[in-house]
Amino acid sequence: MLSLFRMPKENTSAAELKKKKKKWIPIFSGKEFNEKEIGETFVEDSEKAVGKTIAVNLTTMTGDPKKQNFNITFKIVDAKDNRLNASITGYFLQVAQKKRLSRKDKDKLEDSFVYKTKDGIDIAIKPVFITKSLTYHSKHTLIRHESRKILSEIAKNTAFTPLMKSIIEGNLQKDMKSQLKKVYPINTILIKAALINN
């Protein structure tokens, strides 16, 4: 009669025995994405995965193919009930797409500044502005100055997670564009990156 169990071979190393104890643990996003499963990791102890980061394409999270040029990052914050829970930490335009932002007969302006959210988190936001036509350097300075005022006001009245959700959904960009048209007509506003500033 054959046994359903077998003992490890005598020459099996301790490292091999330890490796066999590892298992796949699913990783879930926060409530902003309805606690969707975003991946899994192969670990011996789920607690050892806490603190690690994972990048996911935005289309995977939203189901919107128009978002495929963006990635978002999550940080695993805790392990509970054989699952890992992760919080959003960043939003990025893919590097390959940055070169495509330039337009003929239009100016491309970039900025980067750190803002403090309502819940006290420092967030670096890096917008890109495409003007409707070529313009003077003085207008560039004014656009950057006014955009920082707008973003500062929005950030101080919005907690980090809702702010990131507004960026992902494009609502913040629409709000900025509406307010900046008083300064100079803007054709497009993109956020090329938004991330926790450690």
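Residues numbered from 1 in each chain as written. Predicted model: local features only at pLDDT ≥ 70, side-chain atom pairs only at ≥ 80, totals over all residues. Heavy atoms only, no water.

K.L.:
Summarise the overall build of the protein; cite the residues concerned and give the values.
P.N.:
On a plain count of helices and strands, the protein comes out with six helices and nine strands. When burial is assessed residue by residue, the protein has 38% of its 198 residues classed as buried. Carbon and sulfur atoms provide 51% of the accessible area of the protein, an area that totals close to 12,600 Å². (Helix = DSSP H or I, 4+ residues; strand = E, 2+ residues; numbered from the N terminus. Buried < 20%, exposed > 50% of the residue type's maximum accessible area, 1.4 Å probe, protein only. Areas by Shrake-Rupley, 256 points an atom, 1.4 Å probe, with all protein chains shown as cover.)

K.L.:
Pulling in residues and values, what's your account of the packing of helix α5 (residues 160-169) against helix α6 (residues 171-180)?
P.N.:
In contact at an axis separation of 4 Å, α5 and α6 are set at 75° when each is read in the N-to-C sense. Here α5 lies roughly perpendicular to α6, going by the angle between them. Between α5 and α6, the contacting residues are L163, S166, I167 and E169 on the first element and N171, L172 and Q173 on the second. (Axes fitted to C-alpha atoms, helices over the stretch in contact; angles between N-to-C directions. Parallel < 35°, antiparallel > 145°, perpendicular 65-115°, else oblique. Contact = heavy atoms within 4.5 Å.)

K.L.:
I'd love a proper account of the pattern of salt bridges, names of residues and values included.
P.N.:
Pairs may arise between side chains of opposite charge once their charged atoms sit close together. On inspection of all chains with the given rule, the structure shows eight salt bridges. The salt bridge partner of E110 is K108, with a shortest N-O separation of 3.4 Å. K108 sits in the partly exposed class, given a relative accessible area of 33%. Where E153 meets K156, a salt bridge forms, and the shortest distance between an N and an O atom there is 3.3 Å. Of the two residues, E153 and K156 are both situated in helix α4 (residues 137-156); the distance of three residues between them amounts to about one turn of the helix. (Salt bridge = Lys/Arg side-chain N within 4 Å of Asp/Glu carboxyl O.)

K.L.:
Any chance you could break down the packing of aromatic side chains for me, citing the residues and the numbers?
P.N.:
The full count for this structure, using the stated rule, is four aromatic pairs. For the ring pair F113 and Y115, a centre distance of 5.2 Å and an interplane angle of 65° mean the geometry is edge-to-face. Overall, the relative accessible area of 4% leaves Y115 in the buried class. In this arrangement the basic side chain of R83 is found over the ring face of F28, its NZ or CZ atom lying 4.0 Å from the centre. (Phe/Tyr/Trp six-rings, centres within 6.5 Å; stacked < 30°, edge-to-face > 60°. Lys NZ or Arg CZ within 6 Å of the ring centre and 35° of its normal.)

K.L.:
Just give me the short version of the pairing of strand β7 (residues 113-116), but keep the residues and values in it.
P.N.:
Where β7 meets strand β8 (residues 122-131), four bridges bridge the pair, whose relative direction is antiparallel. Pairing of V114 across the sheet is with A124, part of β8. Between the antiparallel neighbours β7 and β8 lie five residues, among them G120 with a positive phi of about 80°. (Pairing = 2+ DSSP bridges.)

K.L.:
Explain the environment of K108 residue by residue, including any values.
P.N.:
Tracing the sequence through the fold places K108 in strand β6 (residues 108-110). The spacing of K108 and S133 is 25 residues in sequence and 9.8 Å in space, taken between C-alpha atoms. For K108, the side chain forms a polar contact with the side chain of E110, separated by 3.4 Å. (Polar contact = N/O pair within 3.5 Å; in protein donor to acceptor, adjacent residues only side chain to side chain.)

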